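Coordinates in review
Each chain is listed here by its residues.
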Amino acid sequence: MKSKIDLKLVLALTGVALIWGTTYLGIRVAVSSIPAWYVTAIRQTIASLIILIILIKQKELKWIGWSNLKRQILLSILMVVIANGMTTVAEKTIPSGLTSLINATSPLLVFLGCVFLGIQKASLKGFIGVFIGFLGIVFIFRDGISDLLEPGYRNGILSLVIAVSGWTIGTIYSKKHSGKPQYIFLNLFYQFVFSAVVQLGLALIFSGKADISAWKTESIFAAVYLAIFGSVLGYFCYHYALKKVSASEVSILTYFNTIIAIFLGWLILNEHVDLDLIVATVLIIAGVFITNYKRKAEEKVIIGNK
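Report follows, based on the coordinates. (Residues numbered from 1 in each chain as written. Predicted model: local features only at pLDDT ≥ 70, side-chain atom pairs only at ≥ 80, totals over all residues. Heavy atoms only, no water.)

Looking at the overall build of the chain
To be explicit about the condition: Under the DSSP-based scheme used, a helix requires at least four consecutive residues in state H or I and a strand at least two consecutive residues in state E, with every element numbered from the N terminus. To sort residues, take the accessible area from a 1.4 Å probe on protein chains only and compare it with the maximum for the residue type: under 20% means buried, over 50% means exposed, and anything in between is partly exposed. Any two residues whose heavy atoms approach within 4.5 Å are treated as being in contact. Computed with a 1.4 Å probe, the accessible areas rest on the Shrake-Rupley method; for each residue, only the protein chains presented here act as cover.
Secondary structure summary: the chain contains 13 helices and zero strands in total. Moving toward the C terminus, one meets the helices and strands of the chain in the order α-α-α-α-α-α-α-α-α-α-α-α-α. When burial is assessed residue by residue, the chain has 49% of its 306 residues classed as buried. Looking at the chain alone, contacts between residues at least 24 apart form 91% of all its contacts between residues at least 6 apart. A total of about 15,100 Å² of accessible surface is found on the chain, and carbon and sulfur atoms cover 70% of it.

Right under this line is the structure:
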């Protein structure tokens, strides 16, 4: 029997590439007047409410059990509180394009992690890709290592390192312990509710009482956009795709996110894009492509069950 194209998977993968490419711009606009942890708290609170309404309307809101709750809390800590939260913190002092570029290294770390855990076989091609990708990172800082002496820039880079680490571990764990696709929204609801509470606590600790009068209208709209598209639609597409294809294949979409984010940062925020950044982007994307590419990878991505 001839295999059919899995249209839902194609839409999910496209959604991940396009939606998360725009979220870097959204985060940068949001943190321009709203403290980072308040942005994340608002984002996940709105996302939780949207998903709650969907679950109630579809009569799918239910208790998931202590075992699954622990799993969702761990994923929430890794992929929402740490990865999303620290990326938001970083964009307070780091341009959106550079943030997306450093986050683009996560597929390389996913490959190394999968090899280390025995989930994926080691290959010379894979390690060559990792080497090329990390050359891109070296290229970014080759003339600007002194910039790390500036506290804001240094803290932003450190925040990104933590964010990428959290996302990498969460991606590997999510694929290894994935559940059934029909529970995606229910699991995300528990993840977002937990992260909203934690991030609100972090906002109160690091930023104190919210001064809403100082928040700009465009920042508020950006936070709402991040909730609806970045959290609800983006995470749904991402987790759905992980049920169908490998973690490495889903992570390949990172280089589409990067190109979109750099372009939007340059077009809308007037962020500086020089030759060094372009070369670094090419090296990192090439490294990710080489590491993850397989001759029949495209067929695996778009073809579903017979």
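Now that the structure is up, let's keep going.
Considerations on the packing of helix 8 (residues 184-207) against helix 9 (residues 217-244)
Put simply, the rule is: A fitted line through C-alpha atoms represents every axis, and for helices the fit uses only the stretch in contact; the resulting angles, taken between N-to-C directions, go from 0 to 180 degrees. Throughout this description, any angle smaller than 35 degrees is read as roughly parallel, any larger than 145 degrees as roughly antiparallel, any in the 65 to 115 degree range as roughly perpendicular, and the remainder as oblique. Each crossing is labelled by how the near helix is turned from the far one, with a counterclockwise turn of less than a right angle marking it left-handed and a clockwise turn marking it right-handed. Ten residue types, Ala, Val, Leu, Ile, Met, Phe, Trp, Tyr, Cys and Pro, are classed as nonpolar, four, Asp, Glu, Lys and Arg, as charged, and the remainder, Gly among them, as polar.
Running from amino to carboxyl end, helix 8 crosses helix 9 at an angle of 125°, the nearest separation of the two axes being 10 Å. With respect to helix 9, the element helix 8 is oriented oblique. Both helix 8 and helix 9 take part in a crossing whose hand is right-handed. Of the residues in helix 9, those touching helix 8 at Ile184, Phe185, Leu188, Gln191 and Phe192 are Ser231, Val232, Tyr235, Phe236, His239, Tyr240 and Lys243. For the contact of helix 8 with helix 9, a count of residues per class yields eight nonpolar, three polar and one charged.

With respect to the packing of aromatic side chains
As a reminder of what qualifies: In this scheme Phe, Tyr and Trp rings, the latter by its six-membered ring, pair at centre separations within 6.5 Å, and the angle between planes marks the pair as stacked below 30 degrees, edge-to-face above 60, and tilted otherwise.
Evaluation of the coordinates by the stated rule reveals 10 aromatic pairs. Judged by centre distance (6.1 Å) and plane angle (55°), the ring pair of Tyr38 and Trp215 falls under tilted. Here Tyr38 is found in helix 2 (residues 36-57), whereas its partner Trp215 is found in the loop between helix 8 and helix 9, with 177 residues between them in sequence. When the centroid spacing of 5.6 Å and the interplanar angle of 75° are considered together, the rings of Phe111 and Phe127 count as edge-to-face. Residue Phe111 is located in helix 5 (residues 106-117), and its partner Phe127 is located in helix 6 (residues 124-141); the two are separated by 16 residues in the primary sequence. According to the relative accessible area criterion, Phe127 is partly exposed, its value standing at 38%. Through pairs of rings, three or more aromatic residues link up here, namely Trp63, Trp66, Phe189 and Tyr190.

A few points about the nonpolar core
Defined as follows: Among the buried residues, those of types Ala, Val, Leu, Ile, Met, Phe, Trp, Tyr and Cys that are joined through side-chain atoms within 4.5 Å form a nonpolar core.
The biggest cluster of nonpolar side chains holds 33 residues, and the ones touching the most others in it are Trp20, Ile51, Trp167, Phe192, Tyr235 and Tyr238. Of all the secondary-structure elements, those providing two or more residues to this core are helix 1 (7-30), helix 2, helix 3 (66-90), helix 8 and helix 9. With sequence-adjacent residues up to four places away left out, Tyr238 is seen in contact with Val16, Trp20, Met79, Trp167, Thr171 and Val250.

Some remarks on unusual backbone geometry
Phi at Lys59 takes a positive value of approximately 55°, unusual for a residue other than glycine. Mapped onto the fold, Lys59 is located in the loop between helix 2 and helix 3. Look at Lys59 and you get exposed, because its relative accessible area is 78%. A positive phi is found at Asn270, a non-glycine position, where the angle reads about 60°.

Describing the side chain of Thr99
For the record, the criterion: In the analysis that follows, any N or O atom pair within 3.5 Å is treated as a polar contact, provided that within protein one partner can donate a hydrogen and the other can accept it, and provided that, for residues neighboring in sequence, both atoms belong to side chains.
Counting through the fold element by element, Thr99 comes out in helix 4 (residues 96-103). On the basis of relative accessibility, which here comes to 0%, the residue Thr99 falls in the buried class. Among the polar contacts listed, one links the side chain of Thr99 to the backbone oxygen of Pro95, at a separation of 2.9 Å. Ignoring any residue separated from it by four or fewer positions in sequence, one finds Thr99 in contact with Tyr24, Thr87, Glu91, Ile94 and Leu160.

Considerations on the environment of Ala90
For Ala90, the position within the fold is in helix 3. The class of Ala90 is buried, set by a relative accessible area of 0%. Note: C-alpha distance between Ala90 and Ser159 (69 residues apart in sequence) is 5.5 Å.

Focus on a nonpolar patch on the surface
Note the threshold: Nonpolar side chains (Val, Leu, Ile, Met, Phe, Trp, Tyr) are joined into patches within 5 Å and like charges within 9 Å, using only residues with over 30% relative accessible area and no salt bridge. Basic side-chain nitrogens of Lys or Arg form a salt bridge, by our definition, when they fall within 4 Å of a carboxyl oxygen of Asp or Glu.
Residues Phe263, Trp266, Leu267 and Ile268 make up a contiguous nonpolar surface patch of roughly 430 Å² in combined accessible area. Within the secondary structure, Phe263 sits in helix 11 (residues 254-268). Using a relative accessible area of 46% as the deciding quantity, one classes Phe263 as partly exposed.

What to know about helix 12 (residues 275-292)
So the rule is basically this: An expected span of 1.5 Å times one less than the residue number is assigned to each helix. Comment: arc refers to directions from the helix axis out to C-beta atoms.
With 18 residues, helix 12 should reach 26 Å at 1.5 Å per residue; the first-to-last C-alpha distance of 26 Å fits that figure. Of all the positions in helix 12, only Leu277, Ala280, Thr281, Ile284, Ile285, Gly287, Val288, Thr291 and Asn292 are classed as buried. Along the axis of helix 12, the buried residues cluster in a sector spanning 155°; they form a single face. For helix 12, the exposed residues set more than 90 degrees away from the buried face come down to Leu275 and Val282.

Concerning the environment of Glu60
Among the secondary structure elements, Glu60 is positioned in the loop between helix 2 and helix 3. With 126 residues separating them in the primary sequence, Glu60 and Leu186 have C-alpha atoms 7.5 Å apart. In this structure Glu60 touches Leu55 and Leu186, once residues within four positions along its chain are discounted.

No statement about biological role is implied by the geometric values presented.
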